[in-house]
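Structure at a glance
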Amino acid sequence: MAAAEPFDPFSFEEDDANDDQYTYESSLPPESTLFAQTVGTLSRGETASMSYVTDDTSRQQSQQQHPKSLPPKMTVKLSLHEEVSSSAGDTKNGGASSSQLFVEGKVVVHVQSSDANRNSPFCLQLYGSMASSANIKCNDHCHLLNESPRNTAISRGINKNKHKNSFINCRVEIPKSQVLSEIMSYSMNVKTSNMPILVQTKATLNTQKICRIGVQIRSNLSNKGDLQNFTIVVAVPQTLQGSTVKITKGDNANWDEMKRLVTWKIGHLPHGKSCLVSIEAEISPTLASLLPLSSSLTESSSTKVVEEKIQFPVLVRCTSEKDQISDLKLAAVALKSVPASIGVQLTRSFRLLHRVEHSDV
C-alpha cells in the first residue's frame, strides 16, 4: 500500500479557491412569508447563523428608519382694511334707509411655517354676497385660479350650504424672506343697509323763528369693537344767520363761520352707545319774509319751511380696528396638490366718511 501524502493546507485545487464562502439556500417553501437574512461572511468550518423575520416586521423597521414626512403647519395672518365713502338715503319719519358705498380695500398676509426652508402655497378664498361685485386686482405672489371661475363655489373647510354665494379662489405663495405682503386690492360700488353707524337728524323751527338742528348717532350693536377718531360735521345752510349760531349740545365743538361748518371731535364712541349734538340759529331775513306772522306760524307751516329751505348735510368720520363695512369674507385652505395644516388669524379695519343729505323733521 502506498504511503499517504502528507496534507498540505496550501496545495488545494483552483476550483476550491472560492470555497471560503458558501451559499446557503433556505429550505422554507417559496410561498412562505419568511426570508433568510445572513450577516457577514462565513469561513471554512464556521456554522451559518440565520435569522428569519417577517415582511411586516421588516416594513415597520424600514418606516422607523425612514418615517413619512408630515405636512407643514402654517399660520396665515390676514389683515383686511377698507377705505369707505358712503351716502345715506332719505331717513324721514325715522325709516331705515340703505346707503350707497364705494369701497377700496386691500389684503395683507403674513405667513409663519414650520418648514424652515419655504412657505407652502395655499388657496385664499373670497366669498360673500358682495364678492361678485368686487373688482379684484392680484399683486405679487397671488393669482386667480383658472379652475375656479367667479361663480363656482369650491369650498374646502367652509360650510357651502351656509354661504351660498360666489367664491373667488386665488393661489398665494409668499417667499420665506418676505415678512408682510400686500397680495390683493379690490374695489366695489354697492348698496347696504348694514352700516356701522345709525344717523338720525332733526330740525325744528319755533315761533321766534329760531331753528334748532339735532344729530344723534349710535354705534351699531352688530359692531365687534368701538369706533375711534369719531367726528361729526354739520354744514350750516345760508338760510340761517351765521353770526347767531350757538352750540347747544356736545363737547369739543368748534364753529367755523368762514366755512360755515360746526365740528364735534368726539374721539371715542363705545360699542352700542350713542351721542347727541345740536345747534341753534336765527333764520335769515329772506327766509323770515317767506313765513307767515309769528302769531299764525303753525307746526305744519314751519315743517314745510324746514323741509323746503333748511337742508344741512351731516358728515361723519370714524375708524375701527375690529370691523369692516363690506360683507367680503376671507378663508385660507390647503391646495389639493400641496398638503398643509393651516390655521388662520384675521384682523379687520376700516376708515369711513359717511354723508347724510336730508333732514328728518
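Residues numbered from 1 in each chain as written. Predicted model: local features only at pLDDT ≥ 70, side-chain atom pairs only at ≥ 80, totals over all residues. Heavy atoms only, no water.

Let us now look at the overall build of the chain. Counting secondary structure elements, the chain contains three helices and 19 strands. The buried share of the chain, taken over its 361 residues, is 37%. Counting every atom, the chain has about 21,600 Å² of accessible surface; 48% of that belongs to carbon and sulfur. (Helix = DSSP H or I, 4+ residues; strand = E, 2+ residues; numbered from the N terminus. Buried < 20%, exposed > 50% of the residue type's maximum accessible area, 1.4 Å probe, protein only. Areas by Shrake-Rupley, 256 points an atom, 1.4 Å probe, with all protein chains shown as cover.)

Right, let's get into the sheet that holds strand 9 (residues 181–192). A sheet is described by the order of its strands in space; here nine strands give the open sequence 6-9-4-3-19-17-12-15-14, paired in mixed fashion. The open sheet has two edge strands, strand 6 (135–138) and strand 14 (253–256), and neither has a second partner. Averaged over all adjacent pairs, the angle separating strand axes in this sheet is 15 degrees, with direction ignored. Here seven bridges tie strand 17 (residues 314–320) to strand 19 (residues 341–356), and the two strands are oriented antiparallel to one another. In the strand pairing of strand 19, serine 320 is matched with phenylalanine 350. (Pairing = 2+ DSSP bridges. Axes fitted to C-alpha atoms, helices over the stretch in contact; angles between N-to-C directions.)

Right, let's talk about the packing of aromatic side chains for a bit. Enumeration over the complete set of coordinates arrives at one aromatic pair. Centre to centre, the rings of tyrosine 127 and phenylalanine 167 are 5.0 Å apart; their planes meet at 10 degrees, and the pair counts as stacked. One end of the pair, tyrosine 127, is in strand 5 (residues 122–127); the other, phenylalanine 167, is in strand 8 (residues 167–172), with 40 residues separating them in the sequence. Of the residues examined, tyrosine 127 reaches a relative accessible area of 8% and is grouped as buried. (Phe/Tyr/Trp six-rings, centres within 6.5 Å; stacked < 30°, edge-to-face > 60°.)

Tracing the backbone through its elements, the reader meets valine 333 in strand 18 (residues 329–334). Valine 333 sits in the buried class, given a relative accessible area of 11%. For the pair valine 333 and phenylalanine 122, spaced 211 residues apart in sequence, the C-alpha separation works out to 6.1 Å.

As defined by bridge partners, strand 14 adjoins strand 15 (residues 261–269) across four bridges and the pair is classed as antiparallel. Looking across to strand 15, one finds that tryptophan 255 is bridged to valine 262. Between the end of strand 14 and the start of strand 15, which pair antiparallel, lie four residues, with arginine 260 showing a positive phi angle near 55 degrees.

A separate point is unusual backbone geometry. At asparagine 252, a position not held by glycine, the phi torsion is positive, near 55 degrees. For asparagine 252, the location among the structural elements is in the loop between strand 13 (246–249) and strand 14. Of the residues examined, asparagine 252 reaches a relative accessible area of 57% and is grouped as exposed. A positive phi angle, near 55 degrees, is found at arginine 260, a position not held by glycine. With respect to the helices and strands, the residue arginine 260 is situated in the loop between strand 14 and strand 15.

Bringing the pattern of salt bridges into the picture now. Side-chain pairs of opposite charge can arise where the charged atoms are in close proximity. Under the counting rule described, the total for this entry stands at five salt bridges. A salt bridge links glutamate 280 to arginine 212; the nearest nitrogen and oxygen atoms lie 3.2 Å apart. With glutamate 280 in strand 16 (residues 274–282) and arginine 212 in strand 11 (residues 210–219), this pair connects stretches of sequence that are 68 residues apart. Taking relative accessible area as the criterion, glutamate 280 reaches 18% and is therefore assigned buried. For arginine 212, a relative accessible area of 40% corresponds to the partly exposed category. Through salt bridges with shared partners, a single network forms among Arg118, Arg171 and Glu173. (Salt bridge = Lys/Arg side-chain N within 4 Å of Asp/Glu carboxyl O.)

Let us now look at the sheet that holds strand 5. The strand order 7-8-5-18 describes an open sheet built from four strands, whose pairing is antiparallel. Each end of this open sheet is capped by a strand with a single partner; those strands are strand 7 (142–144) and strand 18. When strand polarity is set aside, the average angle formed by the axes of neighbouring strands in this sheet is 30 degrees. Pairing geometry for strand 5 and strand 8, over six bridges, is antiparallel. Bridged to leucine 126 within strand 8 is isoleucine 168.

In this section: the side chain of threonine 319. For threonine 319, the location among the structural elements is in strand 17. Note on threonine 319: relative accessible area 14%, which makes it buried. Looking at threonine 319, its side chain comes within polar contact range of the side chain of asparagine 229, at 2.9 Å. The residues contacting threonine 319, other than those within four sequence positions of it, are Asp226, Leu227, Gln228, Asn229, Phe350 and Arg351. (Polar contact = N/O pair within 3.5 Å; in protein donor to acceptor, adjacent residues only side chain to side chain. Contact = heavy atoms within 4.5 Å.)

Its place among the elements puts asparagine 119 in the loop between strand 4 (99–113) and strand 5. A polar contact of 3.1 Å, which involves the side chain of asparagine 119, links it to the backbone oxygen of isoleucine 174. At 3.3 Å, the side chain of asparagine 119 and the side chain of lysine 176 are in polar contact.

Let us now look at the confidence of the model for the chain. Averaged over every residue, the pLDDT of the chain is 79; the share at 70 or more is 68%. Confidence drops under pLDDT 50 across residues 9–55; counting only partners more than four residues distant or on other chains, this segment forms 37 contacts. Confidence drops under pLDDT 50 across residues 148–164; counting only partners more than four residues distant or on other chains, this segment forms 35 contacts. (pLDDT = per-residue confidence, 0-100.)

On to the environment of methionine 130, then. Inspection of the secondary structure assignment puts methionine 130 in the loop between strand 5 and strand 6. Separated by 199 residues in sequence, methionine 130 and lysine 329 place their C-alpha atoms 9.4 Å apart. Setting aside its immediate chain neighbours within four residues, methionine 130 contacts Met188, Val190, Lys191, Thr192, Ser326 and Asp327.

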